[in-house]
Amino acid sequence: MFIKNIRLLLRSSVKYPQHIYQSAALAKRSMSTEGKGPIYSSIWNVIDKQLQPTHIELVDDSAKHAGHEAMKGSTAKETHFRLKVVSSKFEGLSLVKRHQMVYALLNEQFQQGLHALNIVAKTPQEVEKR
């Protein structure tokens, strides 16, 4: 029961000061590539360096797509990812331009076997409005 109450408390929509979010994001970023594959680590490092995000989430969904027709004959292990990134570098850009920016940054990873990337790209102001 105690654990359930803690989980409910953590999921609540409490508004924390911005510095807490930034500290948590920095801590998350510093540990995020530990034990991950080379494509995952490469995506994370490029996005972190080039976009200087306040928040980044990267999920490897490759296992869900291993049997798909497009993956037959492929030797790549890391092929499908979901990326959520919050960066001030997206300010003033349309959704299409944001996605194009991310795709351009990850051109090398696509050459190395990345096949699909689901992107959610927001500015810090867009996140604060929620």
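This structure is a prediction, so every number in the text was calculated from the model and none was measured.

Colleague: Help me out: how do you make sense of unusual backbone geometry in this one?
Modeller: Glycine aside, a negative phi is what most residues show, and trans is what most peptide bonds show. The phi angle at Gln-52 is positive, at roughly 45°, despite the residue not being glycine. Judged by its relative accessible area of 53%, Gln-52 falls in the exposed class.

Colleague: Which parts of the structure should I look at to understand the pattern of salt bridges?
Modeller: In a structure, side chains of opposite charge can pair up when their charged atoms sit close to one another. If you walk through the whole model with that rule in mind, you get two salt bridges. As a salt-bridge pair, Arg-82 and Asp-61 come within 2.6 Å of each other at their nearest N and O atoms. Within this pair, whereas Arg-82 is found in strand 2 (residues 80-86), its partner Asp-61 is found in the loop between strand 1 (55-60) and strand 2, the two being separated by 21 residues in sequence. Overall, Arg-82 belongs to the partly exposed group, its relative accessible area being 35%. Accessibility expressed as a relative area gives 10% for Asp-61, which makes it buried. With a closest N to O distance of 2.8 Å, Glu-126 and Arg-98 form a salt bridge. With Glu-126 in helix 6 (residues 124-129) and Arg-98 in helix 4 (residues 95-105), this pair connects stretches of sequence that are 28 residues apart. In this structure Glu-126 comes out as partly exposed when scored by relative accessible area, which is 30%.

Colleague: Explanation requested: the sheet that holds strand 2 in the structure shown.
Modeller: Strands in a sheet are paired, the pairing made by backbone hydrogen bonds, and the direction either parallel or antiparallel. Taken in spatial order, the three strands of this open sheet run 1-2-3, and their pairing is mixed. With partners counted over all chains shown, the strands left at the sheet margins are strand 1 and strand 3 (116-122), one partner each. Between one strand axis and the next, the sheet turns by 10° as a mean value, whatever way the strands run. The sheet contact formed by strand 1 and strand 2 spans six bridges and is antiparallel. From the neighbouring strand, Ile-56 faces strand 2, where its bridge partner is Val-85. Across the sheet, helix 4 touches strand 2 and strand 3, and the angle it forms with strand 3 is around 130°.

Cut-off values and rules
Residues numbered from 1 in each chain as written. Predicted model: local features only at pLDDT ≥ 70, side-chain atom pairs only at ≥ 80, totals over all residues. Heavy atoms only, no water. Buried < 20%, exposed > 50% of the residue type's maximum accessible area, 1.4 Å probe, protein only. Salt bridge = Lys/Arg side-chain N within 4 Å of Asp/Glu carboxyl O. Helix = DSSP H or I, 4+ residues; strand = E, 2+ residues; numbered from the N terminus. Pairing = 2+ DSSP bridges. Axes fitted to C-alpha atoms, helices over the stretch in contact; angles between N-to-C directions. Contact = heavy atoms within 4.5 Å.

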